[in-house]
There are 2 protein chains.
Amino acid sequence: MQRYFLNAPIDARVGQTFTIDGDTVKHWVKVMRAQPGDAAEFVTDAHQVVIATLQSTTGQTAVAKITAVTTPQVELPVPVTIACGLSKGDKPEQIVQRGTELGASAFVFFDSLWTVAKWAPNKRERKLARLAKIAQGAAEQSHRTMIPTVQYEADLTSVLAHVTYDQGVVAWEESAKQGESSRLVQTLKHMTAPQRLLAIFGPEGGLAPQEVAQLEAAGVTPVGLGPRIMRAETAPLYLLSSVSFWCELV
Amino acid sequence: MQRYFLNAPIDARVGQTFTIDGDTVKHWVKVMRAQPGDAAEFVTDAHQVVIATLQSTTGQTAVAKITAVTTPQVELPVPVTIACGLSKGDKPEQIVQRGTELGASAFVFFDSLWTVAKWAPNKRERKLARLAKIAQGAAEQSHRTMIPTVQYEADLTSVLAHVTYDQGVVAWEESAKQGESSRLVQTLKHMTAPQRLLAIFGPEGGLAPQEVAQLEAAGVTPVGLGPRIMRAETAPLYLLSSVSFWCELV
């Protein structure tokens, strides 16, 4: 069943109706050609999922009636913020799309010392808006009950200052090369829901040693993610999969 | 350092020389502009890594001299074969590229009942050759010591008949919906190196119930991969990351 996020609060009880507009109407009614009586899922701002049937539509707005209310548990018990040095091309899009499918709760892109890609200040808002839209689409497709946030920070110092977290890890190739293989596990073992994990990744060229030193001084743990070298956009997926495996399956 | 796979056996001892040709020479000498004395890593057919310096080149061939020999452990202790129902567009390429980074040892693409994408018989060889090339490039980049194989099978019956494995799992959304959350962990707990895992995934539309029934009858375990819905090309990455996390980090 199609799933949409509601931007405004509703009275989430069976039998109540609510009005939708904007892109949701456009997609449900025009693209998916929903007819009166057809059902879809809507996620409320309280992370509930209501099933509602189309009652009527003007083409611009639509009225839907609630037939069921559920509170599914589909979010990672340990919320994860993925912070990545700016990478080139469509890598930020890939990180947001797949990272959303894998359960990330927030994404932060930051300028790091060895970053080659730059977001011109006048294009930043547009890029963030595009990434937010990708996050919303992926959240709908993967049946999340929240849309991950996407933000930009000028450097690592700002990341540490502006992100709320209980434990921090930084993926560092040198850790892996030195055979380090258990700090991620140890970190996860010591976390309990709903503590928040901040996971930091370098851009294509990696983080500079002084950036890793800065992170360590701030209490962030350098962790290896296995002995193979992953590209900048693959490492966050490994981390999110591992957090899910550890917290949701083990 | 640049890494290349050697196609022919060499005498892998310090001080020995060997000759390379084809794409390796083209990339190392022409693209990377290697000069005599410059070093690169070469993976032998015995999965050793030798560091060798360029001695001389004709542009078509080149002679390199071995300065060091190592046997790094970078392969998953439990080799994983990823078998996927044929999916559309560049999804097979994405699966092979990222799956290689994450340590897969083999890929199988098969026609499944609900597959929308089809590989015309006269294009199959070309598609497999392209995927094999992507696997080689990703293996070089991620510093693997083997190149994953890529093959095509006409249906699930052929997959089960032609793939060597000790334990099999199939990613099944219904398992996840029923709250199943530990069969993947149980399967991995009962495996010891170098037992082989076969992991089967549906195409975009998923596997048909009768295909899952066929797999269960053959002893393949349906497993959930967490409560979120992943796209066809993301689920194999989750599985490979989880196997690495479990076998290499925990």
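Going by the structure above, here's the rest.
Parameters at a glance
- Throughout this document, residue positions are counted from 1 along each chain, in the order its sequence is written.
- Written order decides the labels, with chains lettered from A and ligands numbered from 1.
- In view of the model being predicted, local features appear only for residues whose pLDDT reaches at least 70, and side-chain atom pairs are presented and counted only at 80 or more, with totals across whole chains, interfaces and linings using the full set of residues.
- Hydrogens and water molecules were not included; the side-chain quantities draw on all heavy atoms of the structure.
- Buried residues of nine kinds, namely Ala, Val, Leu, Ile, Met, Phe, Trp, Tyr and Cys, make up a nonpolar core once their side-chain atoms join them within 4.5 Å.
- Each residue is placed in one exposure class: buried if its accessible area under a 1.4 Å probe, protein chains only, is under 20% of its type's maximum, exposed if it is over 50%, and partly exposed if it falls in between.
- The contact definition used throughout considers only heavy atoms, calling two residues in contact when any of these lie within 4.5 Å.
- Put simply, buried area is how much 1.4 Å-probe accessible surface two parts lose in total, over both of them, once they are put together.
- The term salt bridge refers to a pairing of a side-chain nitrogen on Lys or Arg with a carboxyl oxygen on Asp or Glu at a separation within 4 Å.
- Polar contacts, as used here, are pairs of N or O atoms within 3.5 Å; protein pairs need one atom able to donate a hydrogen and one able to accept it. Residues neighboring in sequence count only if both atoms are side-chain atoms.
- Under the pairing criterion, centres of Phe, Tyr and Trp rings, with the six-membered ring standing for Trp, must be within 6.5 Å; the plane angle then separates stacked pairs below 30 degrees from edge-to-face pairs above 60, leaving the rest tilted.
- Strands are runs of DSSP state E lasting at least two residues, helices are runs of H or I lasting at least four, and both sets are numbered from the N terminus onward.
- The pairing criterion is simple: DSSP has to find at least two bridges between the two strands.
- Axes here mean lines fitted to C-alpha atoms, for a helix over just the part in contact, with angles spanning 0 to 180 degrees between N-to-C directions.

### Side note on the nonpolar core
Ile82(A), Leu239(A), Ile82(B) and Leu239(B) are the most contacted members of the largest nonpolar core, which totals 80 residues. Setting aside chain neighbours within four positions, we find Ile82(A) in contact with Ile95(A), Ala104(A), Ala106(A), Phe107(A), Val108(A), Ala199(A), Phe201(A), Pro236(A), Leu239(A) and Leu240(A).

### A short note on the interface of chain B and chain A
Each side of the interface is counted separately: chain B has 39 residues, and chain A has 39 residues. Carbon and sulfur atoms supply 56% of the area buried between chain B and chain A, which totals about 3400 Å² over both sides. Looking at the side of chain B facing chain A, the largest losses of area belong to Arg228(B), Phe245(B) and Leu249(B), adding up to 23% of the total buried there. At the boundary of chain B and chain A, one finds four salt bridges. Here Arg231(A) ties to Glu101(B) by a salt bridge, and the two come within 2.8 Å at their closest N and O atoms. Put simply, chain B and chain A have 22 residue pairs in polar contact (both at pLDDT 80 or more) between them.

### Digging into the packing of aromatic side chains
Applying the stated rule across the entire model yields 15 aromatic pairs over all chains. Ring centres 6.3 Å apart and planes at 75° place the aromatic pair Phe245(A) and Phe245(B) in the edge-to-face group. Of the two residues, Phe245(A) is situated in helix H8 (residues 235–249) and Phe245(B) in helix H8 (residues 235–249); the pairing between them involves two chains. Across the pair, Phe245(B) and Phe245(A) agree in class, each one buried. Geometrically, the ring pair formed by Phe18(B) and Phe42(B) is edge-to-face, given 5.2 Å between the ring centres and 80° between the ring planes. With Phe18(B) in strand E2 (residues 17–21) and Phe42(B) in strand E3 (residues 39–43), the pair connects residues that are 24 residues apart, well separated along the chain.

### Digging into the sheet that holds strand E1 (residues 3–5) of chain A
Residue and element names in this part refer to chain A. Judged by pairing direction, the sheet is mixed, and its five strands sit side by side in the order E1-E3-E4-E5-E2 without closing on themselves. Among the strands making up the open sheet, the edge pair consists of E1 and strand E2 (17–21). Sheet twist, expressed as the average angle between the axes of neighbouring strands with direction ignored, equals 40°. Relative to strand E5 (residues 61–70), E2 runs antiparallel, the two sharing five bridges. Note that in E5 the partner of aspartate 21 across the bridge is threonine 61. With respect to the sheet, helix H1 (residues 22–31) is in contact with E1, E2, strand E3 (39–43), strand E4 (49–57) and E5, its orientation differing from that of E2 by roughly 95°.

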